[in-house]
Amino acid sequence: MRTILVAIFLILYTIISLPMYLVAFLAGKIDPAKKVVIAQVFVAWGLRCILFISGVKVTVKGKENIPADNNALFVFNHRSFFDIIVGYATAPIPTAFVSKKELEHVPMISWWMRFLNCLFLDRDDIRQGMKTILTGIELMKNGTNIFIAPEGTRNTGEELLPFHEASFKLADKSKKPIIPVAMSNMDEVWEKHMPWVRKTHVIIEYCEPIDMQQMERAEKKKIGETVRGILAEKIAQNAKEL
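Computed from a predicted model, the values in this text were never measured in an experiment.

Novice: How do you make sense of the overall build of the protein chain when you look at a structure like this?
Specialist: Scanning the protein chain for helices and strands turns up 8 helices and 7 strands. A compact globule built from 242 residues should have a C-alpha radius of gyration of about 18 Å, and the protein chain, at 18 Å, falls within 12% of that. Every one of the 242 residues in the protein chain was classed for burial, and the buried ones make up 48%. Within the protein chain, counting contacts between residues at least 6 apart in sequence, those at least 24 apart form 74% of the total. Computed over 31 positive and 26 negative side-chain charges, the separation of the two mean positions in the protein chain equals 5 Å.

What follows is the structure, encoded as structure tokens:
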């Protein structure tokens, strides 16, 4: 039943999004920053509705670790499509996600993602991938928060996949902090029961910031391993509360 209700909401949301898209587009002609705010508020509202309809109880921890006077690189473990839903439902404004290249060609979804300055990363093309990272660095320098999953793909195993060290160039080159984001139990909502959505308790924890500017070169080279260890520890701790 929940799956059907989510599907109905998505149809209605798509219809409503057309005039809202026009509103955001026109606002962007006057002030590009307003376009981003309108887009994120509208998208986050829709995603919160999906969580409510799906019966997902979200526990948010560590929101005090999100810098009030600065933006950051949010690094999360990726197990579910609901990672993005919960992420955007709790993220500060403005926030952009790094996504796989294939989503760039999906109508409606890609339109809103562009409004939100999301990045489409082609991991099979090193040259294009570097261009995307450079674009992300500029976005971060200009105040945009970025969410990225260094595992590179959705993980279906018990252990976290190795982290791509290149992901952390976004924080290093922009001189912004890293916020590890531990996502727990997200795949219990849908992936483990496809195609059915299940009532689930999930936890998202924003961990303490990491400043790469205070690190030695040797530490920077192992930043992926360091963040991976932090997330693995938090996920294990939070699993006891589920």
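Novice: Any chance you could explain a nonpolar patch on the surface here in plain terms?
Specialist: Taken together, the side chains of Met1, Ile4, Leu5, Ile8, Ile11, Leu12, Ile15, Ile16 and Trp45 make up a nonpolar region of the molecular surface, amounting to roughly 900 Å² of accessible area. Residue contributions to the nonpolar patch peak at 7 residues, all from helix H1 (residues 2-30). Within the secondary structure layout, Trp45 lies in helix H2 (residues 32-54). A residue is classified by how much of its surface remains accessible, and Trp45, at 40% relative accessible area, is partly exposed.

Novice: Sorry if this is basic, but what is going on with the side chain of Asn77 here?
Specialist: With respect to the element layout, Asn77 can be found in the loop between strand S2 (73-76) and helix H3 (82-90). Its relative accessible area of 1% is what places Asn77 among the buried residues. From its side chain, Asn77 meets the backbone nitrogen of Met183 in a polar contact 2.8 Å long. The contacts of Asn77, once residues within four sequence positions are left out, are Asp83, Glu151, Leu160, Val181, Ala182, Met183, Leu231 and Ile235.

Novice: I tried to follow the nonpolar core on my own but got confused; where do I start?
Specialist: The nonpolar side chains of a soluble globular protein tend to be buried with one another. With 42 residues, the main nonpolar core has Phe74, Trp112, Phe147, Val181 and Tyr206 as its most contacted residues. In terms of residue count, H2 provides more of this core than any other element does, 8 residues in total. In this structure, Leu119, Ile146, Leu170 and Ala182 belong to the second largest nonpolar core, which totals 24 residues.

Novice: Teacher, can you tell me more about the side chain of Asn238 here?
Specialist: Tracing the sequence through the fold places Asn238 in helix H8 (residues 223-239). Among the polar contacts listed, one links the side chain of Asn238 to the side chain of Glu205, at a separation of 3.0 Å.

Novice: How do you make sense of the packing of aromatic side chains when you look at a structure like this?
Specialist: Ring pairs (aromatic) are described by centroid distance and by the angle formed between their planes. Counted under the stated rule, the structure contains 17 aromatic pairs. Aromatic pair Tyr13 and Phe42: ring centres 4.8 Å apart, planes at 10 degrees, arrangement stacked. Note that Tyr13 is positioned in helix H1 and Phe42 in helix H2, a separation of 29 residues in sequence. The burial state of Tyr13 is the same as that of Phe42; both residues are buried. Ring geometry for Phe76 and Phe147: centres 6.0 Å apart, planes at 50 degrees, overall tilted. Of this pair, Phe76 sits in strand S2 while Phe147 sits in strand S5 (residues 145-148), and the two are 71 residues apart along the sequence.

Conventions and cut-offs
For every chain, the first residue of the written sequence is number 1, and numbering continues from 1 along that sequence. This being a predicted model, a pLDDT of at least 70 is required before a residue's local features are given, and a value of 80 or more before pairs of side-chain atoms are given or counted; all residues contribute to the totals for chains, interfaces and linings. For the side-chain quantities, the full set of heavy atoms in the structure was used; hydrogens and water were omitted. The helix count covers DSSP runs of H or I at least four residues long, the strand count covers runs of E at least two residues long, and both are numbered beginning at the N terminus. C-alpha atoms define the radius of gyration, and 2.2 Å times the number of residues to the power 0.38 defines the globule rule. Accessible area is worked out with a 1.4 Å probe on protein chains only. A residue is then buried under 20% of its type maximum, exposed over 50%, and partly exposed in between. Residues count as neighbours in contact if any of their non-hydrogen atoms are within 4.5 Å of one another. Working convention for charge: Lys and Arg count positive, Asp and Glu count negative, and His plus the chain ends are omitted. Throughout, a charge is located at the NZ atom of Lys, the CZ atom of Arg, the CG atom of Asp or the CD atom of Glu. Each patch groups residues whose relative accessible area exceeds 30% and which form no salt bridge, using 9 Å between like charges and 5 Å between nonpolar side chains of Val, Leu, Ile, Met, Phe, Trp and Tyr. Values of accessible area rely on a 1.4 Å probe in the Shrake-Rupley scheme; residue burial ignores everything except the protein chains shown. We define a salt bridge as a side-chain nitrogen of Lys or Arg found within 4 Å of a carboxyl oxygen belonging to Asp or Glu. Residues adjacent in sequence count toward polar contacts only when both atoms are side-chain atoms; beyond that, a polar contact is any pair of N or O atoms within 3.5 Å, and within protein one must be able to donate a hydrogen and the other to accept it. Buried Ala, Val, Leu, Ile, Met, Phe, Trp, Tyr and Cys residues form a nonpolar core when they are joined through side-chain atoms within 4.5 Å. Classification of ring pairs rests on two measures: the distance between centres of Phe, Tyr or Trp rings, Trp counted by its six-membered ring, which must be within 6.5 Å, and the angle between planes, read as stacked under 30 degrees, edge-to-face over 60 and tilted in between.

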